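The chain contents come next:
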Amino acid sequence: MGSLFRSEEVCLAQLFLQSASAYSCVSELGERGLLEFRDLNPKVSAFQRRFVGEVRRCEEMEKTFTFLQQELRDAGRVLAPCPDNPRAPLAREALRVQEQSEQLAQELREVSRNRASLRGRLRDLRQYLHVLREGRRFTSLPASLGSPPRSRALSEREPLLDPSLHQHLDRKINFVAGVIHPWRVSAFERLLWRACRGYLVASFVEMPEPMEDPTTGESITWVIFVISYWGEQIGQKIRKISDCFHCHVYPYPESEATREDTMSGLHSQIQDLSVVLEETEQYLAQVLDKVVLALPTWRVQVQKMKAIYLILNQCSFDVTEKCLIAEVWCPVRDLTQVQDALRQGSYKSGSSVECFVQRIPTSESPPTLIRTNKFTAGFQSIVDAYGVASYQEVNPAPYAIITFPFIFAIMFGDVGHGLLMFLFALWMVLYEDRPSLRQASNEIWLTFFEGRYLILLMGAFSIYTGFIYNECFSKATAIFPSAWSVAAMANRSSWSSDYLATHPFLTLDPNVTGVFQGPYPFGIDPIWSLATNHLNFLNSFKMKMSVVLGIVHMGFGVVLGIFNHVHFRQWHRLVLEFLPEMIFLLALFGYLVFLIFFKWIKFTAANSLVAPSILIHFIDMFLFTSNADNLPLYQGQVPVQTALVVLALASVPVLLLGTPLHLWCRQRSLRSSPATPVAAREQEPLLEGQEAGNSVNATKEDVESRGHGPDAKARDTAAAGSGGRLQHSDLAEIFMHQAIHTIEYCLGCVSNTASYLRLWALSLAHAQLSEVLWTMVMRNGFVRLSYVGGVVLVPVFAAFAVLTVAILLVMEGLSAFLHALRLHWVEFQNKFYVGAGYKLCPFTFTPDPWE
Amino acid sequence: AMAYGGLTVPLIVMSVFWGMVGGVLPWLVPKGPNRGVINTMLVTCAVCCYLFWLIAILAQLNPLFGPQLSNETIWYLKYDWP
């Protein structure tokens, strides 16, 4: 039997690890992912733990890796995920990784710095070159080609200035040349003019090519300016103003020849620098290549190392300081594997003494482990979403594999829609190994993909219920010929054409021979989809169906409780809880199911006028009255019903008082006879240690028996008087708890039965929506019979398809899914499920996803 | 076989079919770790589907009233359906 029916056996174990081989043992265990480690040092802060130094070292390495990754990203390189699965490195290897990574980071930093400074220098040189080249225009006679000069009002009379012309002026003309950000040009000009009052001539021209701004990194078209002025003070003012505006000022030689020399010098410098820069870039690329090769593996290795040290921090050292002790939750089935892993770890670390594992007894409740495969995982997850199963209690998942899609399909029944859903899920299942499907980033898609088997079954069952409801995109199919004969009715009642013309609606009468020929063999007769009173029939059918299926589902839930009682050897609960619960359910609601089936079989169209109402009978049953107009269904109905109600009412006090009284008697016998064998106490259920507060089904007795375990012996030897006071308060709690359980069960039976009527409500809604979509959208495409009609059909069908998918598949599908989930979680699981457990989270190395 | 209209033939056919699914197929499932789950699925499926079909056919066994049709439908069905 698979372990899907209840949790596997999980035991508490102690690992004894030699200090030398502890690291490699934990590494082995992490690779296999078998155990959950418990923290033995919960009160110790993170900074005081044993291996905090190693953890810190790992974190430093991770910091280096982050820096390297950042550099890679800046350079536009993409880091591939780690191809193989490297193991956690031993100490020597880890040191090597640390050294290499730090060396690489250092190199990278240096090279980047070099490159940045080289670039800056190159930029300066080029700017200078441009300044000289463009400035030549203003300061020499032949006008050069290029962008037109942009001189403004202050130099409108003479943009070109030739120092030789002003030679006769007794002033020496000086130049300030530089480069300024284009946005600051107008402010610069204005300030210059106001400050120097026209004792200068400023010319501005844009640089022919854009260049990078060192601070922001964006490419800007700088503006070159050449200011010619005379007077020393003016010069100082100009220089100060240029400083304020963050201009790069370059020395502007006066004579033409010097300018030419400087320019050629600049040319050669720029060439040299470009060559050096290229070589630097190549070297940088080489370093980055090395990083790309090594970084993924390092990252995984260091992650594993850090995880192992965090686990080792949770262990405690024994007295001799040579051995680490770890406490783990281990599935019993895997104990041999654990031993094998420990042996391998010891061997790998080269130590001669073997580490070993030892099982220890515990009174705590172990975590739940239910192994699933890719098919059952989806169903287990919807059960776990409500509550993880308590240790070793019955797991509702294997039954939910079928009942959940079935209940969904009752609310969704339509062949066409079911087929679409089935095909969609089939596509997902057949291509489930494609990484594009599996690793998409869209969360909604991932949710649908995780539930692909769920949707597959839901679609398949919807096709089946669609055939039974006889609905395919709201149209009925006549696979078998219909059982209702219009011809027979027309002939017998002489419906001539004139008669028909005057009567727009006529009803077929099943009493007339030949009209009704028998039940349709598979599903609902197709004539009902043509009838105007089809809802009268369908509502009655679907309501009764919902009630019957609901009571069967709930009865199944109560029966599942038997497995719990048997497994935990609480035999008294079989008699004192299961039996009264079942009697209550069957006597009242099982009888209702019987009435429904009986009326279907016994009453025909012949006595349709006097057919009794089940609802009135049911209400009268509870009120012990009778209605004269409502004929009995069978002879002797009233005494039978009275007996059933009395039986049901009698089972309530049994349910209410049975278990508490039994426990009370047992405690009294324990107190009075201290020589009770220990064996009886060891049969205490494994439900100890759970919080009983959040579930109706975990009785107070489960919490009570926790007290029996460890200190039962002590209680025996202690005075009976002191023990008696303790019992009293516990007993009151037990009674209270059982009272709550009883009330919730009995009232729940009634309300939950009514709750199952949502199966009728949602299937009605689906059918009506479907019909509306057909009559109001698709049918309009068939109105015109010409070729034009054929063209009109295409957009009409498009609208029909979009609305079908959006409203009927997605919206109704989600709605039916939700209600089916609610019926399972509340109405079904209320009858037996506790769900107060916690999952086993084994220590395993999960790959860190790249962002 | 009966003329159209009995409960017997469909009842026998469906009972045999779902009986096979729920009662015979579980024995034929090969032994493996999933045998328990597969058998549970087969039995649950058989019970659910059979019950659903049974409810549908029993609800139509003895109809207490008939369908009300529009006169256009009656005109058409008088000649189209047997």
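- In the nomenclature of an unreviewed UniProt entry, chain B corresponds to V-type proton ATPase subunit E 1 from the organism Tricholaema leucomelas.
- Quoted straight from UniProt, the Subcellular location (unreviewed entry) entry for chain B says "Membrane".

- Chain A appears in an unreviewed UniProt entry as V-type proton ATPase subunit a from Tricholaema leucomelas.
- One UniProt comment on chain A, placed under Subcellular location (unreviewed entry), says "Membrane".
- Entered under Function (unreviewed entry) in the UniProt record, the comment concerning chain A runs "Essential component of the vacuolar proton pump (V-ATPase), a multimeric enzyme that catalyzes the translocation of protons across the membranes. Required for assembly and activity of the V-ATPase."

1. Quick notes on the packing of aromatic side chains
Turning to step 1, where the next piece is worked out: Following the criterion strictly, the structure yields 50 aromatic pairs over all chains and no others.
Turning to step 2, where the next piece is worked out: Look at Phe37(A) and Phe843(A): their rings are 5.9 Å apart centre to centre, the planes differ by 85°, and that puts the pair in the edge-to-face class. Highlighted residues: Phe37(A) in strand S2 (residues 36-38) and Phe843(A) in the segment after helix H25 (787-828), separated in sequence by 806 residues. Both residues of the pair, Phe37(A) and Phe843(A), belong to the buried class.
Turning to step 3, where the next piece is worked out: Centroid distance Tyr464(A) to Trp18(B): 5.9 Å. Interplanar angle 90°. Geometry classified as edge-to-face.

2. What about the domain arrangement of chain A?
Turning to step 1, where the next piece is worked out: You can read the domains of chain A as domain 1 (10-110 + 281-359), domain 2 (117-139 + 172-277) and domain 3 (375-483 + 518-657 + 739-831).
Turning to step 2, where the next piece is worked out: One C-alpha centre belongs to domain 2 of chain A, the other to domain 3 of chain A, and the line joining them spans 84 Å.

3. Quick word on the environment of Gln127(A)
All names here are of chain A.
Turning to step 1, where the next piece is worked out: Turning to its location among the elements, glutamine 127 is positioned in helix H3 (residues 91-139).
Turning to step 2, where the next piece is worked out: Relative accessible area serves as the criterion here: at 1%, glutamine 127 is assigned to the buried category.
Turning to step 3, where the next piece is worked out: Taking the C-alpha atoms as reference points, glutamine 127 and alanine 643, separated by 516 residues in sequence, lie 108 Å from one another.
Turning to step 4, where the next piece is worked out: Among the polar contacts listed, one links the side chain of glutamine 127 to the side chain of tyrosine 250, at a separation of 2.7 Å.

4. Looking at the side chain of Glu134(A)
All names here are of chain A.
Turning to step 1, where the next piece is worked out: Mapped onto the secondary structure, glutamate 134 falls in helix H3.
Turning to step 2, where the next piece is worked out: The buried category is assigned to glutamate 134, whose relative accessible area is 7%.
Turning to step 3, where the next piece is worked out: Leave out the neighbours within four places in its chain, and glutamate 134 touches Val205, Pro208 and Ile224.

5. A few points about the nonpolar core
Turning to step 1, where the next piece is worked out: Of all hydrophobic cores here, the largest spans 125 residues; its most connected members are Leu508(A), Ile527(A), Phe541(A), Phe52(B) and Ile55(B).
Turning to step 2, where the next piece is worked out: Ranked by residue count, the leading element in this core is helix H2 (residues 35-59) of chain B, at 16 residues.
Turning to step 3, where the next piece is worked out: Leu508(A) has contacts with Trp484(A), Val486(A), Met489(A), Trp495(A), Val515(A), Ile527(A), Gly66(B), Pro67(B) and Leu69(B), leaving out every residue within four places of it along the chain.
Turning to step 4, where the next piece is worked out: Membership of the second largest hydrophobic core comes to 53 residues, among which are Val55(A), Ala105(A), Leu312(A) and Leu335(A).

6. Observations concerning the environment of Ala88(A)
Turning to step 1, where the next piece is worked out: When you line up the elements, Ala88(A) lands in the loop between helix H2 (52-74) and H3.
Turning to step 2, where the next piece is worked out: Sequence spacing of Ala88(A) and Glu31(A) is 57 residues, and the spatial spacing of their C-alpha atoms is 9.3 Å.

7. Focus: the pattern of salt bridges
Two side chains of opposite charge can pair, provided their charged atoms sit close to one another.
All names here are of chain A.
Turning to step 1, where the next piece is worked out: Applying the stated criterion across every chain, the model contains 25 salt bridges over all chains.
Turning to step 2, where the next piece is worked out: In this structure, arginine 38 and glutamate 327 form a salt bridge, with 3.2 Å as the shortest nitrogen-oxygen distance. Remark: glutamate 327 occurs in strand S10 (residues 323-331) and arginine 38 occurs in strand S2; sequence separation between them is 289 residues.
Turning to step 3, where the next piece is worked out: You can call arginine 38 partly exposed: its relative accessible area is 22%.
Turning to step 4, where the next piece is worked out: Among the residues examined, glutamate 327 registers a relative accessible area of 15% and is labelled buried.
Turning to step 5, where the next piece is worked out: Where arginine 573 meets glutamate 577, a salt bridge forms, and the shortest distance between an N and an O atom there is 3.5 Å. One end of the pair is arginine 573 and the other is glutamate 577, both in helix H17 (residues 571-602) and 4 residues apart, which spans about a single turn. There is no split in this pair, since arginine 573 and glutamate 577 are both buried.
Turning to step 6, where the next piece is worked out: By sharing partners, the salt bridges in this structure join Glu28, Arg32, Arg87, Asp340, Arg343 and Lys348 into a single network.

Parameters at a glance
Residues numbered from 1 in each chain as written. Chains lettered and ligands numbered in written order. Predicted model: local features only at pLDDT ≥ 70, side-chain atom pairs only at ≥ 80, totals over all residues. Heavy atoms only, no water. UniProt positions renumbered as here; feature names shortened; annotations may be inferred. Phe/Tyr/Trp six-rings, centres within 6.5 Å; stacked < 30°, edge-to-face > 60°. Helix = DSSP H or I, 4+ residues; strand = E, 2+ residues; numbered from the N terminus. Buried < 20%, exposed > 50% of the residue type's maximum accessible area, 1.4 Å probe, protein only. Domains from an automatic or database assignment. Polar contact = N/O pair within 3.5 Å; in protein donor to acceptor, adjacent residues only side chain to side chain. Contact = heavy atoms within 4.5 Å. Core = buried A, V, L, I, M, F, W, Y, C linked by side-chain atoms within 4.5 Å. Salt bridge = Lys/Arg side-chain N within 4 Å of Asp/Glu carboxyl O.

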